[in-house]
Each structure stands twice: as structure tokens, then as C-alpha cells.
Amino acid sequence: MIFVTVNGQPREVPDGLSVAALVDELGFAGKRVAIELNGQIVPRSQHARTSVAPADQIEIVVAVGGG
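Because the structure is a prediction, the values reported are computed rather than measured.

(A) Representation of the nonpolar core in the model. Residues Val4, Val13, Leu22, Ile35, Val52 and Ile58 are the most contacted members of the largest nonpolar core, which totals 15 residues. Residue assignment for this core shows that the elements contributing at least two residues are β1 (2-6), α1 (19-25), β3 (33-37) and β5 (57-62). With residues near it in sequence (within four places) discarded, Ile58 still touches Val4, Thr5, Val6, Asn7, Leu22, Ile35, Glu36, Leu37 and Val52.

Below you can see the structure in the form of C-alpha cells.
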């Protein structure tokens, strides 16, 4: 297990976890999300190939529709 920060909150996650798996674990699967990892946007096409590492700073923004 490693520690990362997700949306300002410390969180323990499995070592080697991908961004896509983190999104699933947090309950955002199937939702339109934007991921920022250590200040850099991670394109959706890279979510499965990008792993989180100890002390990473992750921001997850969920798109909300409305009218």
C-alpha cells in the first residue's frame, strides 16, 4: 500500500494502481472525469497506462450536466 492525496485528502491505495483503477475504486467509473496528476492533465487514453506513485497529488473533477 502507498499513500497519495486525492482531492486534498490523504488516501491509502494499492501499490501499482492505475489511474483508471483509482477512478473505478472511488466510484467514478462510467462518469466523465478529468484527472490531474501532480499538476499535469492525464488524457483519458492514458488512464489505464498511468500508475500512481507514493506521495502523488491527484485531483479528480467530475463533469456535471444540467440545464
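Once you've had a look at it, read on.
(B) The arrangement of the environment of Gly8 in detail. Within the fold, Gly8 resides in the loop between β1 and β2 (9-13). Linking Gly8 and Arg49, residues 41 residues apart in sequence, is a C-alpha distance of 23 Å.

(C) Here's a closer look at the side chain of His47. Its location among the elements puts His47 in the loop between β4 (40-42) and β5. On the basis of relative accessible area, His47 is assigned to the buried category, the value being 7%.

(D) Seen up close, the environment of Ala53. Tracing the chain through its elements places Ala53 in the loop between β4 and β5. Given a relative accessible area of 31%, Ala53 falls into the partly exposed group. Ala53 sits 41 residues away from Glu12 along the chain, and the two C-alpha atoms are 11 Å apart.

Conventions and cut-offs
- Within each chain, residue numbers correspond to sequence positions counted from 1 in written order.
- In view of the model being predicted, local features appear only for residues whose pLDDT reaches at least 70, and side-chain atom pairs are presented and counted only at 80 or more, with totals across whole chains, interfaces and linings using the full set of residues.
- Hydrogen atoms and water are omitted, and side-chain values are computed over all heavy atoms in the structure.
- Only buried residues count toward a nonpolar core, which is a set of Ala, Val, Leu, Ile, Met, Phe, Trp, Tyr and Cys residues joined through side-chain atoms within 4.5 Å.
- In this scheme, a residue with accessible area under 20% of its type's maximum is buried, one over 50% is exposed, and one in between is partly exposed, where area comes from a 1.4 Å probe on protein chains only.
- Helix and strand assignments come from DSSP, with helices taken as H or I runs of at least 4 residues and strands as E runs of at least 2, each series counted from the N terminus.
- Any two residues whose heavy atoms approach within 4.5 Å are treated as being in contact.

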